[in-house]
Amino acid sequence: CLVGSEMCIRDSYQDRFRTPEYFWFSPDSLEFRGYRLVGHEYQEIPPTSANKRWSEELELYLGVEQGKLRYFTPSGQLIPTPQEAALQEMAIAESAQQQAQQAQNEAQQAQHEAQHEKLRADTLAAYLRSLGINPEQINWKVCRLNGYNKVVGGFKEFKRNFLIAKTKEQSRLD
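Only a predicted model underlies this, so the values are computations on that prediction, with no experimental measurement involved.

### Overview of the sheet that holds strand β1 (residues 21–25)
Alright, step 1. Spatially, β1-β2-β3 is the arrangement adopted by the three strands of the open sheet, whose pairing is antiparallel. Taken across any chain shown, the strands that pair with only one partner, and hence form the sheet edges, are β1 and β3 (41–44). Between one strand and the next, the sheet's axes are offset by a mean angle of 30°, whatever the strand orientation.
Alright, step 2. Strand direction decides the pairing type here: strand β2 (residues 32–38) and β3, joined by four bridges, are antiparallel. Bridging from a neighbouring strand, R36 pairs with Q43 of β3.

### A word on the packing of aromatic side chains
Alright, step 1. Scanning the entire structure with this criterion turns up five aromatic pairs.
Alright, step 2. Relative to Y42, the ring of Y22 has its centre 5.8 Å away and its plane inclined at 40°; by these criteria the two rings are tilted. Placement of Y22 in strand β1 and of Y42 in strand β3 is noted, with a sequence separation of 20 residues between them.
Alright, step 3. Plain terms: the ring middles of F23 and F32 are 6.2 Å apart, the flat faces sit at 15° to each other, and that makes the pair stacked.
Alright, step 4. In this structure F32 comes out as buried when scored by relative accessible area, which is 7%.
Alright, step 5. K52 extends its terminal NZ or CZ atom over the ring of F72, reaching a point 4.2 Å from the ring centre.

### With respect to the sheet that holds strand β4 (residues 53–55)
Alright, step 1. The three strands are arranged β4-β5-β6 in an open sheet whose pairing can be described as antiparallel. Looking at the sheet topology across the chains shown, the edges are occupied by β4 and β6 (68–72). Between one strand and the next, the sheet's axes are offset by a mean angle of 35°, whatever the strand orientation.
Alright, step 2. For strand β5 (residues 60–65) and β6, the ladder comprises five bridges, and the chain directions are antiparallel. Across the sheet, residue E65 finds its bridge partner in β6, namely K68.

### Describing helix α2 (residues 82–130)
Because an α-helix completes one turn every 3.6 residues, residues spaced three or four positions apart along the sequence face the same direction.
Alright, step 1. Under the 1.5 Å per step criterion, the end-to-end length of α2 is 71 Å for 49 residues, consistent within 8% with the ideal 72 Å.
Alright, step 2. Those residues of α2 that fall on the buried side of the exposure criterion are L124, A125 and L128.
Alright, step 3. Remark: G132 follows α2 within two positions and exhibits a positive phi of approximately 85°.

### Some points on the pairing of β5
Alright, step 1. Relative to β5, β4 runs antiparallel, the two being bridged by three bridges. From the neighbouring strand, R53 faces β5, where its bridge partner is L62.
Alright, step 2. Connecting the antiparallel pair β4 and β5 is a turn made up of four residues, with E59 showing a positive phi of about 55°.
Alright, step 3. Counted along the chain from β5 to the antiparallel partner β6, the turn is two residues long, and its residue Q66 has a positive phi close to 50°.

### Examining the pattern of salt bridges
Alright, step 1. Tallied over the full model, the rule gives seven salt bridges.
Alright, step 2. Among the salt bridges present, the one from R53 reaches E44, with a minimum N-O distance of 3.3 Å.
Alright, step 3. By relative accessible area, R53 is classed as buried at 4%.
Alright, step 4. A relative accessible area of 44% places E44 in the partly exposed class.
Alright, step 5. Residues joined by salt bridges that share partners form a network here, namely E21, R36 and E56.

Scoring rules and cut-offs
Residues numbered from 1 in each chain as written. Predicted model: local features only at pLDDT ≥ 70, side-chain atom pairs only at ≥ 80, totals over all residues. Heavy atoms only, no water. Pairing = 2+ DSSP bridges. Helix = DSSP H or I, 4+ residues; strand = E, 2+ residues; numbered from the N terminus. Axes fitted to C-alpha atoms, helices over the stretch in contact; angles between N-to-C directions. Phe/Tyr/Trp six-rings, centres within 6.5 Å; stacked < 30°, edge-to-face > 60°. Buried < 20%, exposed > 50% of the residue type's maximum accessible area, 1.4 Å probe, protein only. Lys NZ or Arg CZ within 6 Å of the ring centre and 35° of its normal. Expected span 1.5 Å × (residues − 1). Salt bridge = Lys/Arg side-chain N within 4 Å of Asp/Glu carboxyl O.

This is how it looks when you write it as structure tokens:
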């Protein structure tokens, strides 16, 4: 046998090593074959319609993808190389980190809004106290029922609406 030839290698695996399966791939010509030891001789593993060959030992398909010999799952899905798997994991981790950052930003925004609303409520309470009105004694339900539940326009508008509501409430009680 010609040393290094496919036939010589195949015969060595067949006769000396008794390797159950043997695959041969040439990256130059993209030629790809597979052999399975049946009895004392190798028989070629027939390719699928997608030119993949089933390995009973690995329980995977082997095939050529983009000029490289690759593994495929029994359903035909490409199995990523360790480098590809690492890149996928990095992408997943980066995506998770971005989602966590977004959630943190949203939480900070909500906290700022809550602090702003508390400051507005505290300022309004201080303003009402400066007018001699105890905010805890205001019947906010009556104010809302009379349509004076909007404090958005500022304190002057609130004061005007509150005084109107208080006057209506007082006149109704009299």
